[in-house]
Amino acid sequence: GAVVSQHPSRVICKSGTSVKIECRSLDFQATTMFWYRQFPKQSLMLMATSNEGSKATYEQGVEKDKFLINHASLTLSTLTVTSAHPEDSSFYICSAIQGSYEQYFGPGTRLTVT
Amino acid sequence: GQQVMQIPQYQHVQEGEDFTTYCNSSTTLSNIQWYKQRPGGHPVFLIQLVKSGEVKKQKRLTFQFGEAKKNSSLHITATQTTDVGTYFCAGGGGAQKLVFGQGTRLTINP
């Protein structure tokens, strides 16, 4: 149990365009979802905390107008990278909590901005 | 803000040797969690420690939480090739948030 999916797994987009990444909890309702960014061979950097039906809480230094988060239901959160630039290229990974403390991670989305 | 430091960054061992990674927080933690990320994969939860001085074991893995709840360690006895991956500690902050350490990448010579 406790499976989290992400779509797409890989995306290449042109500079200036927007990209939407979906994070779904497949077999449980997630009270909270988190969005992370991971650079190659580096740690996970928390970007924001997402709760269903409320505005996301962004970490310091993360532009909320650039990284739009929508948590439409207890099983779906989306991250939209607006007006993407090459420096936004990264591995974006979500996680979900089922009410406890253990975070279940999605497989991640590799974003490349050309 | 809260910082979690983890050492070493890399560790290469011969199969059968032991391995330890250490984690230190700049602030007292409510809990600490450990995750393993295989190459090309995503982090997978291993364990959570909550109590001061707590020690938990999972087969060949031993996890410790310091008395002051500011440091933790993961020790693997007699490593196997399946232990390859990056081990992350993550300190529990407010609102179920986690602050991840830099991770220790373990490689093993069979």
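Located above this text is the structure these notes cover.
For clarity, every value in this text was computed on a predicted model and none was experimentally measured.

Engineer: Let's hear about the overall build of chain B: which residues, and what values?
Structural biologist: Each helix and strand in chain B was counted, giving zero helices and 11 strands. Reading chain B from its N end, one meets helices and strands in the order β-β-β-β-β-β-β-β-β-β-β. On C-alpha atoms alone, chain B measures out to a radius of gyration of 13 Å, which is about the 13 Å that the 2.2 N^0.38 rule sets for 110 residues. Overall, the C-alpha framework of chain B stretches about 40 × 25 × 20 Å when taken along its three principal axes. Of all 110 residues assigned to chain B, the portion counted as buried reaches 44%. Taking as baseline every contact in chain B between residues at least 6 positions apart, the subset at least 24 positions apart corresponds to 54%. Working note: accessible area of chain B is about 5300 Å², and carbon and sulfur atoms make up 51% of it. With 11 positive and 6 negative side-chain charges, chain B shows a separation of 10 Å between the mean positions of the two kinds.

Engineer: Now, about the interface of chain B and chain A: what can you tell me, with residues and values included?
Structural biologist: Taken together, the 16 residues of chain B in the interface contact 21 residues of chain A. Interface area, chain B with chain A, both sides summed: about 1500 Å², of which 53% is carbon and sulfur. Along the contact surface separating chain B from chain A lie one salt bridge. In this structure, the salt-bridge partner of Glu59 of chain A is Lys97 of chain B, at a minimum N-O distance of 3.0 Å. Counting across the interface, chain B meets chain A through four residue pairs in polar contact (both at pLDDT 80 or more). Secondary-structure elements contributing two or more residues to the side of chain B that touches chain A are strand 4 (32-37), strand 5 (43-49) and strand 10 (98-100) of chain B. A class-by-class count of the residues in the side of chain B that touches chain A yields seven nonpolar, seven polar and two charged.

Engineer: Describe the pattern of salt bridges, and please don't skip the residues or the numbers.
Structural biologist: Residue and element names in this part refer to chain B. Enumeration over the complete set of coordinates arrives at five salt bridges over all chains. One salt bridge connects Arg60 with Asp83, and the closest N-O pair in it is separated by 2.9 Å. Pair noted here: Arg60 is in the loop between strand 6 (55-58) and strand 7 (61-65) and Asp83 is in the loop between strand 8 (71-76) and strand 9 (85-92), with a separation of 23 residues, a long-range link. In this structure Arg60 comes out as partly exposed when scored by relative accessible area, which is 22%. On the basis of relative accessibility, which here comes to 5%, the residue Asp83 falls in the buried class.

Engineer: How would you summarise the nonpolar core if you had to cite specific residues and measurements?
Structural biologist: With 24 residues, the main nonpolar core has Trp35, Phe67, Leu79, Tyr92 and Leu111 of chain A as its most contacted residues. Secondary-structure elements contributing two or more residues to this core are strand 2 (10-13), strand 3 (19-25), strand 4 (32-38), strand 5 (44-51), strand 7 (67-73), strand 8 (76-81), strand 9 (90-97) and strand 11 (109-113) of chain A. Counting residues in each nonpolar core, the second largest holds 19 residues, with Cys23, Leu29, Phe65 and Leu74 of chain B among its members.

Reading guide: rules and limits
- Residues numbered from 1 in each chain as written.
- Chains lettered and ligands numbered in written order.
- Predicted model: local features only at pLDDT ≥ 70, side-chain atom pairs only at ≥ 80, totals over all residues.
- Heavy atoms only, no water.
- Helix = DSSP H or I, 4+ residues; strand = E, 2+ residues; numbered from the N terminus.
- Rg over C-alpha atoms; globule rule 2.2 N^0.38 Å.
- Buried < 20%, exposed > 50% of the residue type's maximum accessible area, 1.4 Å probe, protein only.
- Contact = heavy atoms within 4.5 Å.
- Areas by Shrake-Rupley, 256 points an atom, 1.4 Å probe, with all protein chains shown as cover.
- Lys, Arg positive; Asp, Glu negative; His and termini not counted.
- Charge placed at Lys NZ, Arg CZ, Asp CG, Glu CD.
- Buried area = accessible area lost by both parts, 1.4 Å probe.
- Salt bridge = Lys/Arg side-chain N within 4 Å of Asp/Glu carboxyl O.
- Polar contact = N/O pair within 3.5 Å; in protein donor to acceptor, adjacent residues only side chain to side chain.
- Nonpolar A, V, L, I, M, F, W, Y, C, P; charged D, E, K, R; others polar.
- Core = buried A, V, L, I, M, F, W, Y, C linked by side-chain atoms within 4.5 Å.

So, to be careful, I would describe these as geometric facts and stop short of saying anything about function.
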